[in-house]
Structure formats: C-alpha cells, structure tokens
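Each chain, letter by letter, is given below.
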Amino acid sequence: MVNEKSLKSDVLIIGCGIAGASAALEAAKSGLRVVVITKNPKPEESNTYYAQGGIVSLGKDDRPEFLKEDIIKTGDNINNPEAVELLVNEGKELVEKILIKELDIPFTRSSPDSLDYAQEAGHSRRRILHVKDTTGKTIEEKFIEALKKFSNVTLLADHSAVDLLTVPHHSKNPIAYYREPQCIGAYVLDNKTKKVKTFSAPYTILATGGCGAVFLYTSNPRDAIGAGYAMALRAGARIVNMEYIQFHPTSLFHRDADGFLISETVRGEGARLKTKEGRTFMENYSEKGDLAPRDEVTRAIYEEMVNSNSSYVLLDLASYAKFDIKKRFPNIYQTCLQYGIDITKEPIPVVPAAHYCCGGVLVDSWGKSSVRGLYSVGEVSCTGVHGANRLASTSLLEGLVWGTRASRQIASHFDPSTPYKPSDIHPWYYPEKEEGIDPALINQDWLTIRSTMWNYAGIIRTKKRLERAKADLEYLRHRIEKFYKEATMDPKVAGLKHGIQVALMITHAAISNPESRGAHFIKE
Ligand SMILES: Cc1cc2nc3c(=O)[nH]c(=O)nc-3n(C[C@H](O)[C@H](O)[C@H](O)COP(=O)(O)OP(=O)(O)OC[C@H]3O[C@@H](n4cnc5c(N)ncnc54)[C@H](O)[C@@H]3O)c2cc1C
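An account of the accompanying structure is given in this report. (Residues numbered from 1 in each chain as written. Predicted model: local features only at pLDDT ≥ 70, side-chain atom pairs only at ≥ 80, totals over all residues. Heavy atoms only, no water.)

This brings us to the overall build of the chain. Looking only at helices and strands, the chain features 14 helices and 21 strands. A globule of 524 residues ought to have a C-alpha radius of gyration of about 24 Å, and the chain, at 23 Å, matches this closely. Viewed in the frame of its principal axes, the chain has a C-alpha envelope of about 70 × 55 × 40 Å. Burial analysis of the chain (524 residues in total) assigns 57% to the buried set. Of the contacts formed within the chain by residues at least 6 apart in sequence, a portion of 74% connects residues at least 24 apart. Carbon and sulfur atoms form 51% of the exposed surface of the chain, whose accessible area is close to 22200 Å². Side-chain charges of the chain comprise 67 positive and 65 negative groups, with the mean position of each set lying 2 Å from the other. (Helix = DSSP H or I, 4+ residues; strand = E, 2+ residues; numbered from the N terminus. Rg over C-alpha atoms; globule rule 2.2 N^0.38 Å. Buried < 20%, exposed > 50% of the residue type's maximum accessible area, 1.4 Å probe, protein only. Contact = heavy atoms within 4.5 Å. Areas by Shrake-Rupley, 256 points an atom, 1.4 Å probe, with all protein chains shown as cover. Lys, Arg positive; Asp, Glu negative; His and termini not counted. Charge placed at Lys NZ, Arg CZ, Asp CG, Glu CD.)

See the structure below:
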C-alpha cells in the first residue's frame, strides 16, 4: 500500500478515464503499487463516461487493413502508420480480453450468440461495439468497480494534479542539473483541504483527457480543460499537432444543456439544417447537402451563424421524419423534452461544439514521452493514430491499447530507483499573504478564453483572427500568472492557469501551420 506520509508509489496515474483506468488495471495486475488520482469527486466523471457511439473493433467481414485505410483517409494522410497498425492489430484482442472477458461489459447483441456491430461515418464497414447509447458510462463504471478490488491500488478522487514534479526543476539539489531531466511524480492538490502534497513515483502516467472546454461550445464536460497538456508543456515534454481540434456539427443549443450531442444519424434519417428564419442552406455548401462530411457541415453552420450574427441554427427533424421519432431516437427525444423542446413538433436549436483534440504529448508505441519517467496515454497524448482528424469511435480503443501497453512496459522494465530522494524536492510554495478568490474574476477570465478560442481559433481560422487571439490571450496570461502566484490555492485557480496555457498552445500551433488539413481549416 501507499505510504500516506511520503505518498510514494511505484506508478502515479493522473486521470481515471478509459486510458488511466486501463493503465491502472494492468499495473495492478502486475503487482505494482499504484496511486490513481482524479480531480472530480466522482471517480467516473470523465469524457469516457459520456461516450455514446461505441468502441471500434473488427466487424464480421472486416480486416485490420480495412480499418487502417479508413483511419488514414479520415486523418488526411498524416497519421503515424506504425501507431495505426498497432491499434488495428492489437485493438480487437484487448477489447475481447479486457472489456469482454475480464470486465464483462454487456455489449449489445444482435442475437444471443452474436455481437451487434454498428456503422458510423467514415467507416467502410459495420464494426462499432456499443452498449446501447451509453457505452462510455458502462465501461467507466466497470473499470472503477474492478480497480476497487485491488489492495495495491489507491484511488483518490477530488485530487487535482497541479504540476508534474520534475528534476532538476523542482530539486533543491544543485547536482541535479548535471543529470538527465526526469519526471518523478506530481504536486497534487487535495481539493477539500486545499493543501498541495508531493506524490512521488519513479513512473508517472498522464491520462488527463482532452481540452474541449477551452472553447465556448463543447461536447466535453466543463472539466475537460486540458490540464495535462499544460503540465507536460511546463515539464518540457514534446507536444505536437495541437491545431487539429475536431468539432462536432450539432450539439443542443440551450443555456442548461451544456453540449448535449445530437447524433449525426438524425440528419442521416432525413433532418435538415435551417437558419433561424427557416431557410435551408447546406445545398449552398456541398453537393451532398445535409449529408456532407462532418467538417464541411460544421464550417457551413459556423459561416451561417457568423454571417447572420446568430448563436445557433435549427435542425428540423419534425418536418421530414417518416417514422416514429420517439422510438428511433428515445434518448435525444427525452433529453430535448427535458429542456422544453419537443423534437416531434419543432426544430432543435443546434450549434457546433469542440469535440476532440487530435494532438498532444508526443509518445512512442508504449506511451513513453520525451521526458524520462513520464508516460502519456489517451486523449492527452499524441500517438499519431488520428493524424489531422479522428475517425469516429477510435479514441476509446486508443486509450485502452496505450493505457495497457504503458503499464506493461513499466512492469517489465520496472526500476524503482531514482537518483532523487523525496527530501531533494521543494515543498509547495504558499505565498505569505494569500489573496482570496473572487469568482467573478475567474468566471470572466474563462469567458474571455472560451469566446476568444471560439471566435478566433475555432472552426474557421484566419491569420488575422489567430494573431488577435494570440495577443488577447497573452495579455490575459500575464494577469492570470500574477493572480496564480498570490491567490489561495484552489482547483479553480489551478484550472485557469492550465486553461490559458492550453488556449495559447492551440493558437500558436494554428499560427505556425498555414496549411488547411483535416480539422485545421485556415481561410485566406
Ligand atoms: C459526448 C462525447 C461522446 C463521445 N463519443 C465517443 C465514442 O462513441 N467513441 C469513442 O471512441 N470516443 C468518443 N468520444 C471521445 C472519447 O470519449 C474520449 O476521447 C476518451 O474517453 C478520452 O479518454 P481519456 O481516458 O484519455 O480521458 P477522459 O476520459 O477524459 O479522462 C480524463 C481523466 O483525467 C482526470 N483529470 C483531468 N485533469 C486532471 C488533473 N489535473 N488532476 C487529476 N485528474 C485529472 C479527469 O477527472 C478524468 O478522470 C466522445 C467524447 C464526448 C465528449
């Protein structure tokens, strides 16, 4: 078990979505002492929990080469071929071994002895395993249940990593400067006591998920602010491809709905996009009209919104459906009704939403980053699988594969020695006179970050918009840094510091890449 005083473990895992949980399960099975931290009081809260569609496997008439081809086509040919091969060759086996046999995930069946393989956009075959439309929730709950059974796993919810512990950066020992930089754990804030502790471990696995919530509209939970990218940047890790932010065309526009996704199958079943005045518009943008690919639809909606200074467009299913809407889309029907919208009678207000970050901490086939001792898995990492755009339902599988592989490698090469003692590490610095936190300032700073990213570094970028975003965000960063140094330590303050850095990372990456490709679209 973890020694509570020194908070030492063999492996520290930051994040407990599918990637962190897969890593934790594998490390636990190898007998390593594992600490898993997650910032939300509910350990299951994560992007993983909200995944609806499913997890890619191989369908009945399928082959790894077919899946590889689809992934690379969607990724606009800048995927890492070795990483894609690894995913398509090892993915199915791990789904069967871990999800089906060990965790007993009740994937939906088309008959008692046959799994149901669903079809999704960009896939040439039916190959998506799903648990109705709550796949992520079921997977996440089963993982947490399994992890709780291991006595060598300590799962700490309501604990936020604020910085990675790196030497020589955080070392008191001047000799440290002559050695290779290394990550040896993290500074972790206990959200309840507001105290920062040092969690040390010879191996740290970053599994903090994506950063959709640095944009005004997102399908991600509001917690998904990309802390891992910011911490890895400060630790000196290589980070790539941050300009490739994938947007989903249709999320529900409602003050309280917070990014609820309206599946693309709604348009597949005949629904049409309209302006607020009731004019259809997709025919002006694509020969395929409302059935154009996701990125084209997203850009068309955005153009219409900007040109008419409107905050949303309408998705009209009621006027076109020739089937029982309540039966075909029970979840969407019920959720919209909860917000006062009867989709059998009226159009749905929708807005595109930041959905997935294809870039991240550059890692190898085992999840190893460029910093010694630091692994990164899941959405926060960049294995190269997704290239410039992600193929639907491949990210859960990527988290499972790389999470498992990272811990396999750590277990097989395990070396508990680090050239640093916990006493070498600087304790957390608290300012002598801490300033209280004014929530109005924090809320306004977030609003500035989110609307700047949405308007200037979002779906359609221009050089001018990006330069403006950079200038505004850099100014704000100075203010936030000052505030961070003086304020009482709190997850909200730490989150703001991570958020501004992530926003700048995306903006800088977008400025440095003048070529439109995949999810990065830059207009002359
Ligand atoms: C609405 C929606 C639907 C989706 N549908 C699908 C789908 O059908 N199929 C598919 O393959 N993908 C889907 N995706 C994408 C997929 O869900 C994610 O890419 C994937 O779940 C990411 O897993 P992860 O483990 O990397 O991160 P997450 O699941 O986001 O987990 C991140 C973890 O890190 C923790 N964390 C973050 N910061 C800190 C910190 N500072 N300190 C401590 N803990 C921290 C979080 O609390 C959480 O536990 C969907 C995404 C969304 C939002």
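With respect to spatial proximity, 36 residues lie near the ligand, and among them Thr48, Gly54, Ala161, Glu379 and Ser395 are the closest. Measuring from a nitrogen atom of the ligand, one finds a backbone N or O atom of Gly54 at 2.8 Å. Ala207 has a polar backbone atom sitting 3.4 Å from an oxygen atom of the ligand. When the ligand sits alone it has 1000 Å² of accessible area, and the protein chains cover 96% of it. Mapped onto the shell around the ligand, the elements with two or more residues apiece are helix H1 (18-29), helix H2 (47-50), strand S8 (159-167), strand S16 (348-357) and helix H11 (395-412). (Near = heavy atom within 4 Å. Polar contact = N/O pair within 3.5 Å; in protein donor to acceptor, adjacent residues only side chain to side chain.)

Another point: the side chain of Asn513. Turning to its location among the elements, Asn513 is positioned in the loop between helix H14 (491-512) and strand S21 (522-523). If we skip the residues at most four places from it in the chain, Asn513 touches Glu243, Tyr244, His520 and Ile522.

Before going further, it helps to examine the sheet that holds strand S13 (residues 245-252). Sheet strands line up and pair through hydrogen bonds in the backbone, either parallel or antiparallel. Taking strand neighbours across the sheet as the criterion, the four strands line up as S13-S16-S15-S14 in an open arrangement whose pairing is antiparallel. Strands with a single pairing partner mark the edges of an open sheet, and in this sheet they are S13 and strand S14 (272-274). Here the average twist between neighbouring strands, direction ignored, is 45 degrees. Pairing of S13 with S16, which is carried by six bridges, proceeds in the antiparallel orientation. Paired with Gln246 across the two strands is Tyr356, which belongs to S16. (Pairing = 2+ DSSP bridges. Axes fitted to C-alpha atoms, helices over the stretch in contact; angles between N-to-C directions.)

So, about helix H10 (residues 330-338). Along H10, the positions that sit buried rather than exposed are Ile332, Tyr333, Thr335 and Cys336. Buried residues along H10 sit in contact with S13, helix H7 (265-268), helix H9 (325-328) and S16. Immediately beyond the C-terminal end of H10, within one or two residues, lies Gly340, with a positive phi of roughly 85 degrees.

Here the focus is the packing of aromatic side chains. Scanning the entire structure with this criterion turns up twelve aromatic pairs. Each ring, one from Tyr203 and one from Tyr375, has its centre 6.5 Å from the other, and the planes form 55 degrees; the classification is tilted. Of the two residues, Tyr203 sits in strand S11 (residues 203-206) while Tyr375 sits in strand S18 (residues 374-376), which places them 172 residues apart along the sequence. Taken together, the aromatic side chains of Phe215, Tyr217, Phe247, Phe253, Tyr302, Tyr312 and Trp454 make up a single cluster linked through ring pairs. For Lys195, the ring lying beneath its charged end belongs to Tyr430, and the centroid distance is 5.0 Å. The ring of Trp366 carries Arg405 above its face, with NZ or CZ at 3.8 Å from the centroid. (Phe/Tyr/Trp six-rings, centres within 6.5 Å; stacked < 30°, edge-to-face > 60°. Lys NZ or Arg CZ within 6 Å of the ring centre and 35° of its normal.)

Moving on, we get to the nonpolar core. Ile262 and Ile449 are the most contacted members of the largest nonpolar core, which totals 102 residues. Among the elements that make up this core, the one with the highest residue count is H14 (eleven residues). Core analysis: the second largest hydrophobic core is formed by 58 residues, Val11, Leu94, Ile105 and Leu400 among them. (Core = buried A, V, L, I, M, F, W, Y, C linked by side-chain atoms within 4.5 Å.)

To continue, consider the packing of helix H12 (residues 439-456) against H14. In the contact formed by H12 and H14, the axes pass within 11 Å of each other and the chain directions differ by 15 degrees. Compared by their axis directions, H12 and H14 come out roughly parallel. The hand of the H12/H14 crossing is left-handed. Between H12 and H14, the contacting residues are Ile442, Asp445, Trp446, Ile449 and Met453 on the first element and Lys492, Val493, Gly495, Leu496, Gly499, Ile500, Ala503, Ile506 and Thr507 on the second. (Parallel < 35°, antiparallel > 145°, perpendicular 65-115°, else oblique. Left-handed = near helix turned anticlockwise from the far one by under 90°.)

Peptide bonds are, in most cases, trans, and in most cases residues other than glycine have a negative phi. A cis amide bond links Val167 to the next residue, Pro168, at an omega of 15 degrees. When you line up the elements, Pro168 lands in the loop between S8 and strand S9 (182-190). Here Asp158, not a glycine, exhibits a phi torsion of approximately 60 degrees, which is positive. Within the secondary structure, Asp158 sits in the loop between strand S7 (153-156) and S8.

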